[in-house]
Every structure is written in C-alpha cells, then in structure tokens.
Amino acid sequence: MKYSAPVTKFDARLPWQLPIWKLEEDLECATGTVPAGFPSDGASVPLLFRWLFKPTGQLFYPAFKHDHDIKESKLPWVAAADNFRIDIEAMTTMHPVRISMAYWGVRLYGVLHRKP
C-alpha cells in the first residue's frame, strides 16, 4: 500500500493557524482512500502539545484520512476516530502509548466540540 502522497502547501490563513495542504495524488490508507485534490490542515494539534505531536509529523497522512472521514464520508466522530487509530497503527512507527494519546485526544475533542 502507498501510505504517502505528494502535497501542495498553501499559505497559512493567520499566523497561529496551520497551513492548508492539498493532495496531488490519491492517498491509500488502511481504512480507505483519500482522493487527489482533498485539502487538509494536517494534524490539528493544539499548541500546547506540538512538542509531542508535530502537525506535519507521523500523524500528517492519517489526519488527511480523518478529515476526509468527517468532511466527505460524513462518518460519526467516534467511527472517524477509530479509523484514525487504525491508520496510525498501519501507517506509522509510533509507540503504542503515543498512538493511544493521539487517539484519545481526537475522541475527546469530538466529545467537547460536538455540534448538534
């Protein structure tokens, strides 16, 4: 499986916001494929945790799939978070503790920011 794809970077929207990236080719992930042209800000890591998880680090491509699951596939947040974990496990060499931290960060964000 091809777990990476070339991306194009756009300018950051505001100084503290992450830039937008766009896939130049389809991105195959363990839980599905993200089509070329899909935009994402990569891993939306809060500033406080960027020393541990870099937005363009190992979570970058799994974050594209998570954003696609939420925006295009309209998966419920929990299902998208579960897919995110599966993709992290398949696409990265992260330690299991860090994988759990990333997963629960995404799950909790969904609970705290769920829209009706």
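Quick note: structure is the one above.
Values in this document were obtained by computation on a predicted structure and should not be read as measured data.

Enquirer: Before we go on, may I ask you to explain the environment of Gly32 in this structure?
Expert: Tracing the backbone through its elements, the reader meets Gly32 in strand S4 (residues 32-34). Using a relative accessible area of 23% as the deciding quantity, one classes Gly32 as partly exposed. If near-sequence neighbours (up to four positions away) are discounted, Gly32 is found in contact with Leu27 and Lys65.

Enquirer: Would you mind showing me how to read the packing of helix H1 (residues 60-71) against helix H2 (residues 77-91) here?
Expert: To characterise two packed helices, one gives the angle between the axes of the helices and the distance between these axes. Put simply, H1 and H2 touch, their axes get as near as 9 Å, and they point 160° apart. Put simply, H1 runs roughly antiparallel to H2. Our pair here, H1 against H2, has a crossing hand that is right-handed. Across from Tyr61, Pro62, Ala63, Lys65, His66, Asp69 and Ile70 in H1, the residues of H2 making contact are Trp77, Ala80, Ala81, Asn83, Phe84, Asp87, Ile88 and Met91.

Enquirer: Sorry if this is basic, but what is going on with the packing of aromatic side chains here?
Expert: Ring pairs (aromatic) are described by centroid distance and by the angle formed between their planes. Taken as a whole and assessed by the stated rule, the structure comprises six aromatic pairs. An angle of 75° between the planes, with centres 5.1 Å apart, marks the rings of Phe60 and Tyr61 as edge-to-face. On the numbers, 5.2 Å between centres and 85° between planes, the contact of Phe60 with Phe64 is edge-to-face. One end of the pair, Phe60, and the other, Phe64, are both in helix H1, four residues apart, so they sit about a helical turn from each other. Each member of the aromatic cluster is reached from another via a ring pair, and the members are Trp21, Phe60, Tyr61 and Phe64. Here Arg85 stacks its cationic end above the ring of Tyr103, 5.1 Å away from the centre of that ring.

Enquirer: Is there a simple way to explain the side chain of Asp69 in this structure?
Expert: Mapped onto the elements, Asp69 comes out in helix H1. Look at Asp69 and you get buried, because its relative accessible area is 1%. At a separation of 2.4 Å, a polar atom in the side chain of Asp69 contacts the side chain of Lys65. Setting aside chain neighbours within four positions, we find Asp69 in contact with Lys74, Leu75, Ala80 and Asn83.

Criteria and thresholds
Residues numbered from 1 in each chain as written. Predicted model: local features only at pLDDT ≥ 70, side-chain atom pairs only at ≥ 80, totals over all residues. Heavy atoms only, no water. Helix = DSSP H or I, 4+ residues; strand = E, 2+ residues; numbered from the N terminus. Buried < 20%, exposed > 50% of the residue type's maximum accessible area, 1.4 Å probe, protein only. Contact = heavy atoms within 4.5 Å. Axes fitted to C-alpha atoms, helices over the stretch in contact; angles between N-to-C directions. Parallel < 35°, antiparallel > 145°, perpendicular 65-115°, else oblique. Left-handed = near helix turned anticlockwise from the far one by under 90°. Phe/Tyr/Trp six-rings, centres within 6.5 Å; stacked < 30°, edge-to-face > 60°. Lys NZ or Arg CZ within 6 Å of the ring centre and 35° of its normal. Polar contact = N/O pair within 3.5 Å; in protein donor to acceptor, adjacent residues only side chain to side chain.

As far as function goes, none of this settles anything; it's purely spatial.
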